[in-house]
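Working through the structure, step by step
Okay, here's what each chain looks like letter by letter:
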Amino acid sequence: GTFGAVAPIYREMDDPPSGSVAATAAGAFAIELGQPMLWLITATTVGFILMLLRASLQRGRDSFYSAMGGSCLITLLLLAFTNAGLLGTATSLIAAAALGLGFAQSKSRTVTF
């Protein structure tokens, strides 16, 4: 979040005030954290998607919440590369609730070998 605070310092006096610099959330992450960190976050997200979808397959009939968490992560990953709405408060709150349920319900009660 420091880029938005520091950017007005380096503009000329007659420049119009700038809004959001990055058009997408992935662009904002690449600007503020660097491109290697963006791809590390993307790879970690793909790993969590695979973990949640695998858990939904293992749970059988009770696979709704882990499948919901996996599909929520897929949607968030696609949204990060298409618009900047991912960084809003409402999106973060709804995603946190859906992912919390998905991860909490991804563990099975039975032991699988």
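Residues numbered from 1 in each chain as written. Predicted model: local features only at pLDDT ≥ 70, side-chain atom pairs only at ≥ 80, totals over all residues. Heavy atoms only, no water.

Let us look at helix α4 (residues 64-80). Every α-helical turn comprises 3.6 residues, leaving residues that sit three or four positions apart pointing alike. Taking 1.5 Å as the rise per residue, α4 with 17 residues should run 24 Å; its terminal C-alpha atoms sit 24 Å apart, in good agreement. Buried within α4 are the following residues: S66, G69, G70, C72, L73, L76, L77 and A80. Considered in projection along α4, the buried side chains sweep an arc of 160 degrees and stay on one side of the axis. In this structure, α4 carries F64 and L78 as exposed residues pointing more than 90 degrees from its buried face. Next to the buried residues of α4 lie α2 (25-33), α3 (35-59) and α5 (89-104). (Helix = DSSP H or I, 4+ residues; strand = E, 2+ residues; numbered from the N terminus. Expected span 1.5 Å × (residues − 1). Buried < 20%, exposed > 50% of the residue type's maximum accessible area, 1.4 Å probe, protein only. Arc of directions from axis to C-beta. Contact = heavy atoms within 4.5 Å.)

The next point concerns the packing of aromatic side chains. Taken as a whole, this structure holds 3 aromatic pairs when the rule is applied. Measuring from ring centre to ring centre gives 6.0 Å for W39 and F81, while their planes differ by 20 degrees; the resulting arrangement is stacked. You can see W39 sitting in helix α3 and its partner F81 sitting in the loop between α4 and α5, a full 42 residues away along the chain. Their ring planes at 70 degrees and their centres at 5.2 Å tell us that F64 and Y65 sit as a pair that is edge-to-face. (Phe/Tyr/Trp six-rings, centres within 6.5 Å; stacked < 30°, edge-to-face > 60°.)

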